[in-house]
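Notes for the structure review
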Amino acid sequence: MSALPLVNELAEKVLGVPPAAALVVVAGTLARLAPMLWLAPFPGGRLVPALIKVPLALLLALLVYPQLAPQATALAAGGLPMMVALIAKEALVGAALGFLISLVFHAAAAAGFLGDTARGAANSEVMVPQTGQKTTTMGVLFFQLALVLFISLGGHRLIIAAIARSYAVLPLAHFPNTASLGTFALLCTKLTAELILLAVSLAAPVIAALLLTDLALGWVNRFAPQLNVFFLAMPAKALLGVGVLVLAVGTIATVLPASLELGVAQLDRALRILAAP
């Protein structure tokens, strides 16, 4: 027991604040990081086991700890109610930021789903490893394409920088007010609408080609109903959809990077909204 005061004194010298205050800061930091690492596809989402995500979150928390240490004493002075409110607030902020990060990837998956629906392959569902959700084969392809482009363009570094910057823009001690939460909800609604438009735009080449194919087959069926065009069209539309996708993949690969960069920029915008006085 006599060694306990010595350990506490040593820990306070290392941490710069009392150990109890440092624990409050680390808990609040992890509360924001954990939902982001769970929801955002970049670290692997649900594909990465907890044995990897927990140490990764702890490592990121330790990296941002020096800039949060000055807030520790004030946060710890609030006692248990302050700590519970802090963890709940940070968990909601982390979930909101993880949702914003994942929007573009879900838009890409939705574009693939629309393309498969247009070519009659919507029933061929497979699991997206990063999210644990089911979508079509083209949806998985678009999702993985967006993820590869994101990492190849250095998006993972932008996300890590945005995470570190989020604690400066939105400190642990700041609680968003009702007006900022309303503005943030409007931003999420607007971004969701824009990304639905993005999904339709990405799938537009396949949808347009198959629509023209349906019109042409309709005319054939009108003048030669004995051909049973419906059954003949199914394999033809499936092959045509894949062919159009191969031709349009270059255009898709040029549109996605701009959308991914816009998504990271909107992350900073969301933090400024939540940090508004």
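What counts, and at which threshold
- Residues numbered from 1 in each chain as written.
- Predicted model: local features only at pLDDT ≥ 70, side-chain atom pairs only at ≥ 80, totals over all residues.
- Heavy atoms only, no water.
- Helix = DSSP H or I, 4+ residues; strand = E, 2+ residues; numbered from the N terminus.
- Contact = heavy atoms within 4.5 Å.
- Core = buried A, V, L, I, M, F, W, Y, C linked by side-chain atoms within 4.5 Å.
- Buried < 20%, exposed > 50% of the residue type's maximum accessible area, 1.4 Å probe, protein only.
- Salt bridge = Lys/Arg side-chain N within 4 Å of Asp/Glu carboxyl O.
- Axes fitted to C-alpha atoms, helices over the stretch in contact; angles between N-to-C directions.
- Parallel < 35°, antiparallel > 145°, perpendicular 65-115°, else oblique.
- Left-handed = near helix turned anticlockwise from the far one by under 90°.
- Phe/Tyr/Trp six-rings, centres within 6.5 Å; stacked < 30°, edge-to-face > 60°.
- Lys NZ or Arg CZ within 6 Å of the ring centre and 35° of its normal.
- pLDDT = per-residue confidence, 0-100.
- Expected span 1.5 Å × (residues − 1).
- Bend = angle between axes of the 7 residues up to and from the residue.
- Polar contact = N/O pair within 3.5 Å; in protein donor to acceptor, adjacent residues only side chain to side chain.

Section: the side chain of Ser180
- With respect to the element layout, Ser180 can be found in helix H8 (residues 178-223).
- When sequence neighbours within four positions are dropped, the list of residues in contact with Ser180 reads Ile273, Leu274 and Ala276.

Focus on the nonpolar core
- Leu100, Phe142 and Phe184 are the most contacted members of the largest nonpolar core, which has 69 residues in total.
- For this core, the leading source of residues is helix H5 (residues 79-118), giving 13 residues.

Description of the pattern of salt bridges
- Enumeration over the complete set of coordinates arrives at three salt bridges.
- Glu90 is paired through a salt bridge with Arg32; the nearest N and O atoms lie 2.5 Å apart. Placement of the pair is Glu90 in helix H5 and Arg32 in helix H2 (residues 19-39), with a sequence separation of 58 residues. Across this residue pair, the class does not change: Glu90 and Arg32 are buried.
- Across the salt bridge formed by Asp268 and Arg165, the nearest N and O atoms sit 2.9 Å from each other. Of this pair, Asp268 sits in helix H9 (residues 229-274) while Arg165 is found in helix H7 (residues 155-169), placing the two residues 103 residues apart along the sequence.
- Classification of Arg165 as partly exposed rests on a relative accessible area of 34%.
- Each of Arg32, Lys89 and Glu90 takes part in a single network of salt bridges with overlapping partners.

Digging into the packing of H5 against H8
- For the pair H5 and H8, interaxial distance at closest approach is 8 Å and the crossing angle is 25°. Relative to H8, H5 is oriented roughly parallel. Considering only the axes of H5 and H8, their crossing is right-handed.

Focus on the packing of aromatic side chains
- Overall, the coordinates contain two aromatic pairs when judged by the stated rule.
- A centroid spacing of 5.4 Å and a plane angle of 80° characterise the contact between Phe105 and Phe150, whose relative ring orientation is edge-to-face. Placement of Phe105 in helix H5 and of Phe150 in helix H6 (residues 137-152) is noted, with a sequence separation of 45 residues between them. Grouping residues by exposure puts Phe105 and Phe150 together as buried.
- By the ring-pair criterion, three or more aromatic residues cluster together here, those being Phe105, Phe143 and Phe150.
- The residue whose ring lies beneath Arg32 is Tyr167, and the NZ or CZ to ring-centre distance is 4.3 Å.
- For Lys89, the ring lying beneath its charged end belongs to Phe175, and the centroid distance is 5.1 Å.

Points about the confidence of the model for the protein
- Taken over all residues, the pLDDT of the protein has a mean of 79, while the share at 70 or more is 90%.
- Least confident of the elements in the protein is helix H1 (residues 3-15), whose mean pLDDT is 59; most confident is H5, at 84.

Remarks on H5
- For H5, spanning 40 residues, the distance from its first C-alpha to its last is 57 Å, which sits close to the expected 58 Å at 1.5 Å a residue.
- Within two residues after H5, Gly120 carries a phi angle of roughly 80°, on the positive side.

Considering H8
- With 46 residues, H8 extends 64 Å between its outermost C-alpha atoms, agreeing within 8% with the 68 Å of an ideal straight helix rising 1.5 Å per residue.
- Helix geometry: H8 is bent most strongly at Ala204, by close to 55°, with proline Pro205 lying one to four residues after it.
- Measuring from the backbone nitrogen of Ala179 back to the side-chain oxygen at the start of H8 gives 3.3 Å, which picks out Asn177 as the cap.

Section: the environment of Ala50
- Examined against the element boundaries, Ala50 turns out to sit in helix H3 (residues 50-68).
- With a relative accessible area of 51%, Ala50 lands in the exposed category.

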